[in-house]
Amino acid sequence: GAVVSQHPSWVICKSGTSVKIECRSLDFQATTMFWYRQFPKQSLMLMATSNEGSKATYEQGVEKDKFLINHASLTLSTLTVTSAHPEDSSFYICSALVGSDNSPLHFGNGTRLTVT
Amino acid sequence: QKEVEQNSGPLSVPEGAIASLNCTYSDRGSQSFFWYRQYSGKSPELIMFIYSNGDKEDGRFTAQLNKASQYVSLLIRDSQPSDSATYLCAVNPPGGSNYKLTFGKGTLLTVNP
């Protein structure tokens, strides 16, 4: 069964608004979660690492002020896309390691964001 | 530049046949290799992982790794129409944990009934 739950599955918003995506670990505590993004017919790209109780670590080229990450508990990380624009339309997927750093990565069900 | 290369496909096989999916990677020090299946509009689902040279079998799936050739493959035996999906190859960076994966763009597999 799913070990990482993501909500919502899809969202449509108007340009300039903000959207929050939630990622929850089920039945385990995830001190670290990861946010990926996938554009159509492209590979998944890591956006940021979400650390419980501390600041997120962003990958090069990802604007931290635009993609706000909060990891306030051991089972919940949120990604907020602020002032969304059509070019932010993408498939956002959170993930977590179930176990140690050597464990495989498991993904949530993803959120399809469409900005009109 | 770390790269993971896959043939985009589509790869079409008849039901019951063996599907062979291939992946090459550029970073010679990579240690962990993963195959994910992604149905259209869905998030990736882990199929297999392999860390050592050779073959690793799990049911109808066999992962093959050849670090000297920087090559990893996935064989699907007795292919079913439900196997039709995009298969993503992912590789971790040397010395890095398994979350900072480099993904290929995927190979679209179609299994024809």
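Residues numbered from 1 in each chain as written. Chains lettered and ligands numbered in written order. Predicted model: local features only at pLDDT ≥ 70, side-chain atom pairs only at ≥ 80, totals over all residues. Heavy atoms only, no water.

For the coordinates displayed, the defined rule picks out eleven aromatic pairs over all chains. Plain terms: the ring middles of A:Tyr36 and A:Phe107 are 5.5 Å apart, the flat faces sit at 70 degrees to each other, and that makes the pair edge-to-face. Linking A:Tyr36 in strand β4 (residues 32–38) with A:Phe107 in strand β10 (residues 105–107), this pair joins segments that are 71 residues apart in sequence. Summarising the burial analysis for this pair, A:Tyr36 and A:Phe107 share the class buried. The interplanar angle of 75 degrees and the centroid separation of 5.3 Å between the aromatic rings of A:Phe107 and B:Tyr36 together place this pair among those described as edge-to-face. Here the residue A:Phe107 occupies a position in strand β10, and B:Tyr36 occupies one in strand β4 (residues 33–38), the pair thus bridging two chains. Across this residue pair, the class does not change: A:Phe107 and B:Tyr36 are buried. Three or more aromatic residues joined by ring pairs form one cluster here, namely A:Tyr36, A:Phe107, B:Phe34, B:Tyr36, B:Phe49, B:Tyr51 and B:Phe103. (Phe/Tyr/Trp six-rings, centres within 6.5 Å; stacked < 30°, edge-to-face > 60°. Helix = DSSP H or I, 4+ residues; strand = E, 2+ residues; numbered from the N terminus. Buried < 20%, exposed > 50% of the residue type's maximum accessible area, 1.4 Å probe, protein only.)

Bringing the sheet that holds strand β3 (residues 19–25) of chain A into the picture now. Within a sheet, adjacent strands bond to each other through the backbone by hydrogen bonds, running parallel or antiparallel. Residue and element names in this part refer to chain A. Sheet architecture is open: four strands sit in the order β1-β3-β8-β7, paired in antiparallel fashion. Sheet topology places β1 (4–7) and β7 (67–73) at the edges, where each strand pairs with a single neighbour. Strand-to-strand twist in this sheet, taken as the mean axis angle between neighbours without regard to direction, amounts to 20 degrees. (Pairing = 2+ DSSP bridges. Axes fitted to C-alpha atoms, helices over the stretch in contact; angles between N-to-C directions.)

What follows is about the pattern of salt bridges. Residue and element names in this part refer to chain B. If you walk through the whole model with that rule in mind, you get five salt bridges over all chains. The closest approach of N and O atoms between Arg 37 and Glu 45, which form a salt bridge, is 3.0 Å. On the basis of relative accessibility, which here comes to 12%, the residue Arg 37 falls in the buried class. (Salt bridge = Lys/Arg side-chain N within 4 Å of Asp/Glu carboxyl O.)

Turning our attention to the interface of chain B and chain A. Each partner contributes to the interface: chain B provides 19 residues, whereas chain A provides 24 residues. Where chain B abuts chain A, roughly 1,600 Å² becomes buried across the two surfaces, and 59% of that area is made up of carbon and sulfur atoms. Three residues, B:Tyr99, B:Phe103 and B:Lys105, lead the burial of chain B against chain A; their summed loss comes to 35% of the area buried on that side. At the surface where chain B touches chain A, the tally comes to three residue pairs in polar contact (both at pLDDT 80 or more). Listed by contribution, the elements that provide at least two residues to the side of chain B that touches chain A are β4 and β5 (45–50) of chain B. Here the element with the most residues in the side of chain B that touches chain A is β4(B); it accounts for three residues. By residue class, the composition of the side of chain B that touches chain A is ten nonpolar, six polar and three charged. (Contact = heavy atoms within 4.5 Å. Buried area = accessible area lost by both parts, 1.4 Å probe. Polar contact = N/O pair within 3.5 Å; in protein donor to acceptor, adjacent residues only side chain to side chain. Nonpolar A, V, L, I, M, F, W, Y, C, P; charged D, E, K, R; others polar.)

Residues and elements named next belong to chain B. The element strand β9 (residues 85–91) is extensively covered by neighbouring structure, given that six of its seven residues are classed as buried. Strand direction decides the pairing type here: β4 and β9, joined by six bridges, are antiparallel. In the strand pairing of β9, Phe 34 is matched with Ala 90. Alignment of β9 against strand β11 (residues 107–112), held across three bridges, turns out to be antiparallel.

By size, the foremost hydrophobic cluster in this structure holds 24 residues, and its most contacted members are A:Trp35, A:Phe67, A:Leu79, A:Tyr92 and A:Leu113. Judged by nonpolar contacts, the second largest core, of 23 residues, contains B:Val13, B:Ile47, B:Met48 and B:Val72. (Core = buried A, V, L, I, M, F, W, Y, C linked by side-chain atoms within 4.5 Å.)

Okay, the sheet that holds strand β1 (residues 4–6) of chain B next. Residue and element names in this part refer to chain B. Strand order in the open sheet formed by five strands is β1-β3-β8-β7-β6, and the pairing between neighbours is antiparallel. Every other strand in the sheet has two partners, leaving β1 and β6 (54–58) as the edge strands with one partner each. Mean inter-strand twist for the sheet, computed between neighbouring axes without regard to direction, equals 20 degrees. Note that strand β3 (residues 19–25) and strand β8 (residues 71–76) share six bridges and pair antiparallel. Across the sheet, Leu 21 pairs through a bridge with Leu 74, a residue of β8.

Along the chain, the position of B:Ser30 falls in the loop between β3 and β4. Within the structure, B:Ser30 has its side chain in polar contact with the backbone oxygen of B:Asn92 (distance 3.1 Å).

All names here are of chain A. Judged by which residues are buried, strand β2 (residues 10–13) turns out to be one-sided: Val 11 and Cys 13 face inward and are buried, whereas Trp 10 and Ile 12, on the alternate face, are not. Bridging between β2 and strand β11 (residues 111–115) involves four bridges; their strand directions are parallel. Note that in β11 the partner of Val 11 across the bridge is Leu 113.

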